[in-house]
Amino acid sequence: MVIFVVLPLILIVMYAFQDGTGHFTLSNITRFFTDSDSLSTFALSIEVAIENTLICILLGYPAAWILANRELNRSAVTVMLFIMPMWINALMRTLATAELFNVLGFTLGKGTLLFGMVYDYLPFMIYPIYNTLLKMDKSYAEAAEDLGAPPMKVFWKVTVPLSMPGVMSGVLMVFMPTVSTFAISEFLTNNKIKLFGTIIQENINSSMWNYGAALAFIMLIIIGITSLMGGSDNSEAEGGLV
Amino acid sequence: MAKDYIIDIQHLSKSFGGVKVLDDINFYVRRGEFVTLLGPSGCGKTTLLRQIAGFIAPDEGKILLDGKDISGIPPYQRPLNTVFQRYALFPHLDVYDNIAFGLKLQKLPAKEIEARVKKMLKMVSMTDYEDRSVESLSGGQQQRVAIARALVNYPKVLLLDEPLAALDLKMRKDMQLELKEIHRKMGITFIYVTHDQEEALTLSDTIVVLNEGRIQQIGTPTDIYNEPVNCFVADFIGESNILKGRMIRDRRVAFIKQEFDCVDEGFGENVPVDVVVRPEDIYFTTDPAKCQFKAKVNSCTFKGVHYEMWVDTESGYELMIQDYDPYPVGTEVMLYIDPDDIQVMHKERTRNVFDAKVTDSGHVEMLGQSWDCEVPDGFAAGDEAVAEVRFEDVELLDHQEDGKIAGEVHFLLYKGDHYHLTILTEDGDHIWVDTNDIWDKGDLVGVDIPAKGIKLIRRND
């Protein structure tokens, strides 16, 4: 725990507030807020992450609902089919997707980027929602129906609100990693579109450890704030992945 | 007359996976009545209620509401509401929104919704709780909200599925009284499901006793208590002494090896019957002229209001007696029973009857097994026959694998000097057994029938 979590965090913070010679400085942080390139990349990352998350919800919720419905899905095998891609290394899947687009002659750009992201992150949305729906006491839906709600109303007034914890943990698991992703944008747009993760990686690759660490630190802070906002009222979110 | 029935259930049957859960159910509910479906767990009562609510479709039969068949109508279109066993209050809504849920779906004006919700909150004594989250309420309070949520829609019939089962005893008693009061005030018909016979006796206008998917008896609480139609009802409702008897002639019955006057007629002469005597109906006397039989007290336990005593009669039977005055263990007592208090019931069966097939001169096949048997002359291999086995000829063994058939003790009755057991075999057959050994419900047993015990009779068809 200490070696793998605390130590790297301390290192990130240390590097973020040092200049190349090891002296304390805030310039790395201020550079980000004054550099319009970094800021616009950051804004784009957030935008892509939001789009990706929304698409994942739109596709993932119905999928999870069908999987959790015993009348529509009687076997756990179908669930496995949806979850299985998670077992394959994301990099491998991304490379394969890129290759597929090349063969099919698609131009790599924002469309392919979003496709790749949705493809990579959809299982992380489906699974927590599926879990919440599966564990949901069926008597709530029955009670709503008993009180006069036709199936659509039952869905919107009871099933959806009660599955929000699952949706929230799905959002956390999709939104956060998308902000910092770089491999997908690299392979699926040929680096035409740069995301926040990309510039962190570029900085570190070109040995600009301090600025890279500062960017990572800013991202951590933002992720921390969002997960606090999202996670505060679902600390017991039932949809945990593991 | 039929118009007076708000619910009329005709020939309703339901099977799950080949097992008949409900078998030809017929009963009706009068407008404004409080009807209880009473039975042990697994008797089909909840399935029946869920069919009325519309969550389960019947295989056969009809459910009439105000004379119209509602079998094909989905739950949300039925003018009925349910109080669920575990309340099923919506955790994402507060008390007010839970109760208003049905009214909002009907798109009533906000003012009317508010007025009706407030009225309901008052009815269930939950005013001031409207903004509370339902998870912050106690079990009893949740129960009240669940009742209000259902009643606020003014359903034609309120269905209640063991609504008090999760409450502690004291709370349950209070809620029983309140439910009765709500029923009286609202004038809505209640159909109530419970396994608690005392609750059923307290609340109901009419009780429908169910067991193994069949209606055993329908009647008022006093009818059911005083005149049970069979051993199951007698045993399930209240305490009772159930004894083997013989109807000598009208108004004369023999049990515990002596004759008594009774009030039952029409059984015929010299017919085997079962006799029920409630423990509070056996009286102590000091007057030798009144004494019908003598016994010795073998245990005496204080039960709060009364004492429960077990006595051994001179004829070798054990009876339970309840009385306000205790008699110490070992006391010789003189006892009598009023003719009015002897309830005579038709015997449901006098022996086991199985379908059998002769395989050779020494074997028959029945209950899916081959048995040694003294096949009488006149039977040839391949003949279909009926095998009769007396209750006392069936042997029960401690281990399932020691018997020819494996089974489970499904139901048991103490009959004063022996136990009468219903064994449910793995194939779903019933075997009835009389034994002096003590078994418990749910015990796994092996069943064997010695060759001598199987009596073959030609089938008359």
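Because the structure is a prediction, the values reported are computed rather than measured.

**A short note on the overall build of chain A**
Move 1: Counting its regular elements, chain A contains 12 helices and zero strands.
Move 2: Counting from the amino terminus, helix and strand elements in chain A follow one another as α-α-α-α-α-α-α-α-α-α-α-α.
Move 3: For chain A, the spread of C-alpha atoms along the principal axes amounts to about 70 × 45 × 35 Å.
Move 4: Expressed as a percentage of the 242 residues in chain A, the buried residues total 45%.
Move 5: For chain A, long-range pairs separated by at least 24 residues make up 74% of all intrachain contacts whose partners lie at least 6 apart in sequence.

**Topic: the nonpolar core**
Proteins that are soluble and globular tend to have nonpolar side chains buried together.
Move 1: Judged by nonpolar contacts, the single largest core of 88 residues is most densely connected at Ile7(B), Ile9(B), Phe27(B), Leu48(B), Phe90(B), Phe101(B) and Ile191(B).
Move 2: A total of 11 residues in this core trace back to one element, the largest contributor, which is helix H6 (residues 110–135) of chain A.
Move 3: Within the second largest apolar cluster, 37 residues are counted, among which are Phe34(B), Leu121(B), Met126(B) and Ile188(B).

**Comments concerning the interface of chain A and chain B**
Move 1: Each side of the interface is counted separately: chain A has 17 residues, and chain B has 21 residues.
Move 2: Of all residues in chain A, Glu142(A), Asp146(A) and Leu147(A) bury the most surface against chain B, accounting for 40% of the area lost on that side.
Move 3: Across the salt bridge formed by Glu142(A) and Arg50(B), the nearest N and O atoms sit 2.6 Å from each other.
Move 4: At the surface where chain A touches chain B, the tally comes to five residue pairs in polar contact (both at pLDDT 80 or more).
Move 5: Counting only elements with at least two residues in the side of chain A that touches chain B, the list comes to helix H7 (138–146) and helix H8 (151–162) of chain A.
Move 6: When residues of the side of chain A that touches chain B are assigned to their parent elements, the largest contribution, seven residues, is made by H7(A).
Move 7: Here the residues of the side of chain A that touches chain B sort into 10 nonpolar, two polar and five charged.

**Section: the packing of aromatic side chains**
Residues and elements named next belong to chain B.
Move 1: A full pass over the atoms with the stated rule returns 22 aromatic pairs over all chains.
Move 2: Relative to Tyr419, the ring of Tyr414 lies with its centre 4.8 Å away and its plane at 45°, an arrangement referred to as tilted.
Move 3: A relative accessible area of 25% means that Tyr414 is categorised as partly exposed.
Move 4: Above the ring of Tyr225, the side-chain terminus of Arg278 is found at 4.0 Å from the ring centroid.
Move 5: The residue whose ring lies beneath Arg458 is Phe379, and the NZ or CZ to ring-centre distance is 4.5 Å.

**Some thoughts on a negative patch on the surface**
Move 1: Together, Asp398(B), Glu401(B), Asp402(B) and Asp437(B) make up a region of like negative charge exposed at the surface.
Move 2: With respect to the helices, strands and loops of the structure, Asp398(B) is situated in the loop between strand S25 (395–397) and strand S26 (405–414).

**Notes on the domain arrangement of chain B**
Residues and elements named next belong to chain B.
Move 1: Taken as a whole, chain B is organised into domain 1 (2–226), domain 2 (231–346) and domain 3 (352–458).
Move 2: Taking only C-alpha atoms into account, the centre of domain 1 sits 38 Å from that of domain 2.
Move 3: Taking both partners together, domain 1 and domain 2 bury about 950 Å²; carbon and sulfur atoms supply 69% of that area.
Move 4: Scanning the region where domain 1 abuts domain 2 turns up zero salt bridges.
Move 5: Summed over the shared surface of domain 1 and domain 2, the number is three residue pairs in polar contact (both at pLDDT 80 or more).
Move 6: Listing elements by their share of the side of domain 1 that touches domain 2, those giving two or more residues are helix H6 (197–203), strand S9 (206–211), strand S10 (214–219) and helix H7 (221–226).
Move 7: Residues belonging to the side of domain 1 that touches domain 2 are distributed by class as follows: seven nonpolar, seven polar and no charged.

**A word on the packing of helix H5 (residues 90–104) of chain A against H6(A)**
All names here are of chain A.
Move 1: Put simply, H5 and H6 touch, their axes get as near as 10 Å, and they point 140° apart. Between H5 and H6 lies a crossing whose hand is right-handed. Here H5 contributes Ala90, Arg93, Thr94, Thr97 and Phe101 to the contact with H6, which in turn contributes Thr112, Phe115, Tyr119 and Asp120.
Move 2: The residue makeup of the contact of H5 with H6, split by class, is four nonpolar, three polar and two charged.

**Brief notes about helix H5 (residues 169–186) of chain B**
Residues and elements named next belong to chain B.
Move 1: For H5, with 18 residues, the first-to-last C-alpha span of 25 Å sits near the 26 Å given by 1.5 Å per residue.
Move 2: Burial in H5 covers these residues: Arg172, Met175, Gln176, Leu179, Ile182, His183 and Met186. For H5, the buried positions fall inside an angular range of 135° around the axis, keeping them on one side. Set apart from the buried face of H5 by more than 90 degrees, the exposed residues are Lys170, Leu177, Arg184 and Lys185.

**Section: the environment of Phe190(B)**
Residues and elements named next belong to chain B.
Move 1: One can find Phe190 in strand S8 (residues 189–194).
Move 2: Taking the C-alpha atoms as reference points, Phe190 and Pro228, separated by 38 residues in sequence, lie 24 Å from one another.
Move 3: Contact partners of Phe190, with chain neighbours within four places excluded, come to Glu33, Phe34, Val35, Leu158, Leu160, Leu179, Ile182 and His183.

**Quick look at the packing of helix H3 (residues 36–68) of chain A against helix H9 (residues 164–180) of chain A**
All names here are of chain A.
Move 1: Interaxial distance between H3 and H9 falls to 9 Å at its minimum, and their mutual angle equals 145°. Our pair here, H3 against H9, has a crossing hand that is right-handed. Residues Ser45, Ile46, Ala49, Ile50, Asn52, Thr53, Cys56, Ile57 and Tyr61 of H3 lie in contact with H9, whose contacting residues are Val167, Val171, Val174, Phe175, Thr178 and Val179.
Move 2: Class assignment for the residues of the contact of H3 with H9 results in 11 nonpolar, four polar and no charged.

What counts, and at which threshold
All residue numbers here refer to positions counted from 1 along the written sequence of the relevant chain. Labels follow written order: the first chain is A, the first ligand is 1, and so on. Under the rules for a predicted model, residues below a pLDDT of 70 receive no local features and side-chain atom pairs below 80 are neither given nor counted, while totals for whole chains, interfaces and linings still include all residues. Only hydrogens and water are removed before side-chain values are computed, so all heavy atoms of the structure are retained for them. Numbering goes from the N terminus for both helices and strands, where a helix is a DSSP run of H or I of at least four residues and a strand is a run of E of at least two. Whether a residue is buried, partly exposed or exposed follows from its accessible area with a 1.4 Å probe, protein chains only, as a fraction of its type maximum: under 20%, in between, or over 50%, in that order. Contact definition: two residues touch when any of their heavy atoms are within 4.5 Å. Only buried residues count toward a nonpolar core, which is a set of Ala, Val, Leu, Ile, Met, Phe, Trp, Tyr and Cys residues joined through side-chain atoms within 4.5 Å. Buried area, as used here, totals the accessible surface that two parts lose on assembly, with accessibility defined by a 1.4 Å probe and the loss added over both. Definition used for salt bridges: Asp or Glu carboxyl oxygen within 4 Å of a side-chain nitrogen of Lys or Arg. We call two N or O atoms a polar contact when they sit within 3.5 Å, provided that within protein one can donate a hydrogen and the other can accept it, with sequence-adjacent residues counted only if both atoms are side-chain atoms. Note on residue categories: nonpolar means Ala, Val, Leu, Ile, Met, Phe, Trp, Tyr, Cys or Pro, charged means Asp, Glu, Lys or Arg, and polar means any other residue, Gly included. Side-chain rings of Phe, Tyr and Trp (the six-membered ring for Trp) are treated as a pair once their centres are within 6.5 Å; stacked means planes under 30 degrees apart, edge-to-face means over 60, and tilted covers the remaining angles. Only Lys NZ and Arg CZ are tested; either one counts as a charge over a ring when it is within 6 Å of the ring centre and within 35 degrees of the ring normal. Patch criteria: residues need more than 30% relative accessible area and no salt bridge. Like-charged residues are merged within 9 Å; nonpolar side chains of Val, Leu, Ile, Met, Phe, Trp and Tyr are merged within 5 Å. Where accessible areas are quoted, they stem from the Shrake-Rupley method and a 1.4 Å probe; at the residue level, only the protein chains shown are allowed to cover. Counting rule applied: Lys, Arg positive; Asp, Glu negative; His and chain ends not counted. Charge placement uses NZ in Lys and CZ in Arg. For Asp and Glu, CG and CD serve respectively. Domain extents, as shown, originate in an automatic or database domain assignment. Lines fitted to C-alpha atoms define the axes here, with helix axes fitted over just the stretch in contact, and angles between the N-to-C directions of these axes take values from 0 to 180 degrees. Crossing handedness follows the turn of the near helix against the far one: under a right angle anticlockwise gives a left-handed crossing, and clockwise gives a right-handed one. Here, expected helix span is obtained from the residue count minus one, scaled by 1.5 Å. This arc is built from the directions going out from the helix axis to the C-beta atoms.

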